[in-house]
Amino acid sequence: MIPATRITAQQLTQPQFETPGQLIQWMGVMQAQEYSMMKWAVGIRLASGSLTQVNEALNRGEILRIHVMRPTWHLVAVEDIRWMTELNRSRLRPSILSWAKEKGVTPEFSSLVNRLLEKMLEGTSGMTKTEIMTELQYQGVTVDTPMMNCFLMLAKIEGVICSGIEKNGKPTYALLEERVAPTPALNREEALAKLTRRYFRSHSPATLQDFVWWSGLTLTQARKGITLIKQELNLEKFRDHQMYIHHSWNEITCCDKHLHLLPSYDEYLISYKDRTHVLPLEYYRKAFNPYGIFYPVIVCNGQVVGNWSRKKTKKGFALETSFFDSTFPFNKKLLQKAEKRYLSFLEI
């Protein structure tokens, strides 16, 4: 029940959406830690996704890569960036400032850099981090990479910058005011209800603790969000856990005959605090390490069963796969179909 519902709700079977923007709105946000893999996380969930399509959506600003809920990267639909930033700013600012202080970044220093960013990015399609650091040095402000990371994160939280147009395959930063059209403001309850709905609609079944982990909200905020949409949720017990299921998914029963090559940091694994429903505890370290590094994984019939990687060869590259249990009875045709889908996404 749990794997079948999650793999369907997360658009990994019978995908409903044609565009990256539609998908990201459905998911709420998507983890975007690893730049190339995040694009595959989007593509695999579209009815017919390609790398070109995802790149174009990023360059048009249909989807943005930004820090918005926790001090990590996420993909956000452009229509959602303003209310999400507003909802999370007051919670995130103190923790990021505390971390920044250790790097020598004060609130006053950050405000100065924000003003310089506004001047240097005005009218541009975006500048890379290296270009920004070079320009700051020209302006008489010398910073190292850890400090620059702090400045950029704070500028995103304050709504100064967002992702811009790629340069030679590298991410850039642009002014949010030039990149994102004004949108109607939401009050905090409206925003909290919308975020809660997005999570449980696309990640069911999930616990309160899973939602707290994914969203970065406080326990009190998460409980309030669930209360705000309680008419849309069913509370059921699985094993020893009370889990919420959005009413969209009451009829899901089976996920047989599906195999997927999921990217590192994929929502299917990373967006839950307890992952044992799709990954036995004994295999945790094969899917992610103790330091928060997640690896590309193979999912078969809803269960995480192995790893895959892309290796360079003289002729280009090849895909390598391995299973946690060497005797796992995988379907060779399903594996070949999954590999072909990845290659098709890359347009190779």
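As the structure is a prediction and not an experimental result, all values here were calculated from the model. (Residues numbered from 1 in each chain as written. Predicted model: local features only at pLDDT ≥ 70, side-chain atom pairs only at ≥ 80, totals over all residues. Heavy atoms only, no water.)

A.B. asks: Mind showing me how you'd approach the nonpolar core here?
C.D. replies: Nonpolar side chains tend to gather and get buried jointly when the protein is soluble and globular. Counting 88 residues, the largest nonpolar core has Ile132, Leu136 and Leu279 as its most contacted members. With nine residues, helix H8 (residues 145-157) is the largest single contributor of residues to this core. Beyond its immediate stretch of four places on either side in the chain, Ile132 contacts Leu117, Met120, Met127, Met148, Leu152 and Tyr173. (Core = buried A, V, L, I, M, F, W, Y, C linked by side-chain atoms within 4.5 Å. Buried < 20%, exposed > 50% of the residue type's maximum accessible area, 1.4 Å probe, protein only. Helix = DSSP H or I, 4+ residues; strand = E, 2+ residues; numbered from the N terminus. Contact = heavy atoms within 4.5 Å.)

A.B. asks: Any chance you could explain the sheet that holds strand E11 (residues 316-323) here in plain terms?
C.D. replies: Consider a sheet: its strands pair through backbone hydrogen bonds, and that pairing is either parallel or antiparallel. The strand order E8-E9-E10-E11 describes an open sheet built from four strands, whose pairing is antiparallel. Each of the sheet's edge strands pairs with one partner strand only, and the pair in question is strand E8 (259-262) and E11. Within this sheet the neighbouring strands show an average axis-to-axis angle of 30°, counted without direction. In terms of strand pairing, strand E10 (residues 303-313) meets E11 through eight bridges, oriented antiparallel. Residue pairing in the sheet places Gly306 in a bridge with Phe323 of E11. Its contacts with the sheet put helix H15 (residues 332-345) on E8, E10 and E11, and the angle it makes with E8 is roughly 40°. (Pairing = 2+ DSSP bridges. Axes fitted to C-alpha atoms, helices over the stretch in contact; angles between N-to-C directions.)

A.B. asks: I'm lost on the sheet that holds strand E3 (residues 74-77) in this one. Help?
C.D. replies: With antiparallel pairing, three strands are arranged side by side in an open sheet as E1-E3-E2. With one partner strand each, in any of the chains shown, strand E1 (30-31) and strand E2 (63-66) form the two edges of the open sheet. Direction of pairing for E2 relative to E3: antiparallel, over a ladder of four bridges. Within E3, the position partnered with Arg65 by the bridge is Leu75.

A.B. asks: For this particular structure, what's the right way to read the layout of surface pockets?
C.D. replies: The method is simple in principle: a probe with the dimensions of a water molecule rolls over the atoms, and the space it marks as empty is what remains. In this structure, the largest pocket spans a volume of roughly 290 Å³. Along the walls of the largest pocket sit 16 residues, with His258, Leu259, His260, Lys337 and Arg341 positioned nearest its centre. Going through the elements one at a time, E8 and H15 are the ones with two or more residues in the lining of the largest pocket. It is H15 that contributes the most residues to the lining of the largest pocket, four residues altogether. For the lining of the largest pocket, a count of residues per class yields nine nonpolar, four polar and three charged. When its volume is computed, the second largest pocket comes out at roughly 230 Å³. (1 Å grid on protein atoms, 1.4 Å probe; cavity = no way out; pocket = protein on both sides within 12 Å on 5 of 7 lines; lining within 4 Å. Points joined across faces, edges and corners; volume = space filled by probe spheres on them. Nonpolar A, V, L, I, M, F, W, Y, C, P; charged D, E, K, R; others polar.)

A.B. asks: What is the right way to read the side chain of Asp210 from this model?
C.D. replies: Take Asp210: it is sitting in helix H11 (residues 208-215). Asp210 has contacts with Arg6, Tyr199, Met243, Ser271, Tyr272, Lys273 and Asp274, leaving out every residue within four places of it along the chain.

A.B. asks: Before we go on, may I ask you to explain the environment of His260 in this structure?
C.D. replies: Its place among the elements puts His260 in strand E8. The exposure class of His260 is buried, given its relative accessible area of 5%. Sequence spacing of His260 and Ile44 is 216 residues, and the spatial spacing of their C-alpha atoms is 8.5 Å. Ignoring any residue separated from it by four or fewer positions in sequence, one finds His260 in contact with Ile7, Leu12, Thr13, Ile44, Val297, Ile298, Val299 and Arg341.

A.B. asks: Quick question: what am I supposed to make of the pairing of strand E7 (residues 241-246) here?
C.D. replies: As a general feature of sheets, a regular strand has side chains that alternate between the two faces. Bridge count between strand E6 (residues 233-238) and E7: six bridges; the pairing is antiparallel. Looking across to E7, one finds that Leu235 is bridged to Tyr244. The antiparallel hairpin formed by E6 and E7 contains two residues in its connecting segment, where Arg239 sits at a positive phi of about 55°.

A.B. asks: Any chance you could explain the pattern of salt bridges here in plain terms?
C.D. replies: Pairs may arise between side chains of opposite charge once their charged atoms sit close together. Tallying each qualifying case throughout the model produces 12 salt bridges. The shortest N-O distance in the salt bridge between Asp210 and Arg6 comes to 3.9 Å. Linking Asp210 in helix H11 with Arg6 in helix H1 (residues 2-9), this pair joins segments that are 204 residues apart in sequence. With relative accessibility at 1%, the residue Arg6 sits in the buried group. What you see here is one network of salt bridges that share partners, running through Glu86, Arg89, Arg93 and Glu158. (Salt bridge = Lys/Arg side-chain N within 4 Å of Asp/Glu carboxyl O.)

A.B. asks: So what exactly am I meant to see when it comes to empty space enclosed by the protein here?
C.D. replies: Overall, the coordinates contain two cavities of 30 Å³ or more when judged by the stated rule. Empty space within the largest cavity amounts to approximately 60 Å³. Contributing to the lining of the largest cavity are Tyr35, Leu58, Arg65, Ser163, Gly164, Glu166 and Pro171. In terms of residue class, the lining of the largest cavity is made up of three nonpolar, two polar and two charged.

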